[in-house]
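Residues per chain, in single letters:
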Amino acid sequence: LNSKKVTIQPVLIQGAKAWHFAQENNNQYKASFIEQLKYSPTYDEIFISFGSIDCSKEEGILHYTNKYNKNIREVTKETIISFLNFMQSKINSLFKKRYYFGFSLPMQVNDSLDIKRSELIKMYNKILKEEVIRRGDYFVDVFSLTSTKNNRNNNLYMCDNTHLSPEYLNKLIENHLSEPKD
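Note that the coordinates shown come from a computational prediction; the quantities given were computed from them, not determined experimentally.

Novice: Please set out the sheet that holds strand β2 (residues 97–101) residue by residue, giving values where relevant.
Specialist: If you walk across this open sheet you meet the four strands as β1-β2-β3-β4, and the pairing is mixed. Strands with a single pairing partner mark the edges of an open sheet, and in this sheet they are β1 (45–48) and β4 (177–178). Bridge analysis of strand β3 (residues 138–140) against β4 gives two bridges, and the strand direction is antiparallel. Within β4, the residue paired with Phe-139 across the bridge is Ser-178. The strands touched by helix α5 (residues 112–134) are β2, β3 and β4; relative to β3, the strand with the most contacts, the crossing angle is about 155°.

Shown next, in the form of structure tokens:
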């Protein structure tokens, strides 16, 4: 990355959503994250990637706002702010640079729910970017790398229907990184 050889140590917290970290009460996802931090080697940088499951069709923000007739923008913003508050409280003292990753649009849009989901993903990425930059962290804009002008996935950088191919990480960091404002 940036002409330096680096090792990235992935840590998976299966099924974790930003929503889980945004909750006031402790839960298995928060506990797992905190436990992982205890045993992780010390690094100057951390990459954080949560939010994609929050914007799925079957669960997360879209499902919640439809079920309870809530304002999708308000729920999205509240989720992101609470998620970032939790993350800040746990990682800001441990890592000098914190990179939050956005995420891509779905590979296929088949129905009206997919269209709503695409709109949610665009909004989620926009709010996440604004909040991350405002807090002095870095934002990695996967959305801008992978989307067309018509808000569709450009199908160029994915390794499957959901995930960005790791071979494009360098291109992503070099061309789609938003740095904090001083």
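Novice: Lay out the packing of aromatic side chains in plain terms, naming residues and giving numbers.
Specialist: Going through the model one piece at a time under the given rule, you end up with 14 aromatic pairs. For the pair Phe-21 and Phe-83, a centre-to-centre distance of 6.2 Å together with 50° between the ring planes defines the contact as tilted. One end of the pair, Phe-21, is in helix α1 (residues 18–22); the other, Phe-83, is in helix α4 (residues 72–91), with 62 residues separating them in the sequence. Residue classification places Phe-83 among the buried residues on the basis of a relative accessible area of 1%. Ring centres of Tyr-64 and Tyr-68 lie 5.1 Å apart, and the angle between their planes is 50°; on these two criteria the pair is classed as tilted. Taken together, the residues Tyr-64 and Tyr-68, both in helix α3 (residues 61–68) and four residues apart, mark about one turn of the helix. Since its relative accessible area comes to 24%, Tyr-64 is described here as partly exposed.

Novice: I'd like to hear about the pattern of salt bridges, residue by residue, with values.
Specialist: When the charged atoms of two side chains with opposite charge come close together, those side chains can pair. Counted under the stated rule, the structure contains nine salt bridges. Here Lys-17 makes a salt bridge to Glu-59, at a shortest N to O gap of 2.7 Å. Residue Lys-17 is found in the segment before α1, and its partner Glu-59 is found in the loop between β1 and α3; the two are separated by 42 residues along the sequence. The shortest N-O distance in the salt bridge between Glu-131 and Arg-135 comes to 3.7 Å. By relative accessible area, Glu-131 is classed as buried at 7%.

Novice: Outline the pairing of β2, listing residues and values.
Specialist: Here β2 lies mainly inside the structure; four of its five residues are buried. With four bridges connecting them, β1 and β2 associate as parallel partners. By the bridge assignment for β2, Phe-47 is matched with Tyr-99. One ladder, built from three bridges, connects β2 with β3; its direction is parallel. Note that in β3 the partner of Tyr-99 across the bridge is Tyr-138. Where the polypeptide runs from β2 across α5 and back to β3, its parallel neighbour, the crossover connection is right-handed.

Novice: A description of the packing of α4 against α5 should follow, citing residues and the corresponding values.
Specialist: Between α4 and α5, the shortest axis-to-axis distance is 10 Å and the interhelical angle comes to 40°. For the element pair α4 / α5, the angle class is oblique. Regarding α4 and α5, the two cross each other, and that crossing is right-handed. Where α4 abuts α5, its residues Ile-72, Arg-73, Thr-76, Lys-77, Ile-80, Ile-81 and Leu-84 lie against Leu-120, Met-123, Tyr-124, Ile-127, Leu-128, Glu-131 and Val-132. Among the residues making up the contact of α4 with α5, the classes are represented as 10 nonpolar, one polar and three charged.

Novice: Any chance you could break down the nonpolar core for me, citing the residues and the numbers?
Specialist: It is characteristic of soluble globular proteins that their nonpolar side chains tend to be buried jointly. Ranked by internal contacts, the top residues of the largest apolar core, which has 35 residues, are Phe-21, Phe-50, Phe-83, Met-87 and Ile-91. Take this core: its biggest share by element is eight residues, from α5. Apart from residues no more than four positions distant in its own chain, Phe-21 is found in contact with Ile-13, Ala-16, Tyr-29, Lys-30, Phe-33, Phe-50, Ser-82, Phe-83, Phe-86 and Met-87.

The rules behind each value
Residues numbered from 1 in each chain as written. Predicted model: local features only at pLDDT ≥ 70, side-chain atom pairs only at ≥ 80, totals over all residues. Heavy atoms only, no water. Pairing = 2+ DSSP bridges. Helix = DSSP H or I, 4+ residues; strand = E, 2+ residues; numbered from the N terminus. Contact = heavy atoms within 4.5 Å. Axes fitted to C-alpha atoms, helices over the stretch in contact; angles between N-to-C directions. Phe/Tyr/Trp six-rings, centres within 6.5 Å; stacked < 30°, edge-to-face > 60°. Buried < 20%, exposed > 50% of the residue type's maximum accessible area, 1.4 Å probe, protein only. Salt bridge = Lys/Arg side-chain N within 4 Å of Asp/Glu carboxyl O. Right-handed = clockwise from strand over helix to strand, strands pointing away. Parallel < 35°, antiparallel > 145°, perpendicular 65-115°, else oblique. Left-handed = near helix turned anticlockwise from the far one by under 90°. Nonpolar A, V, L, I, M, F, W, Y, C, P; charged D, E, K, R; others polar. Core = buried A, V, L, I, M, F, W, Y, C linked by side-chain atoms within 4.5 Å.

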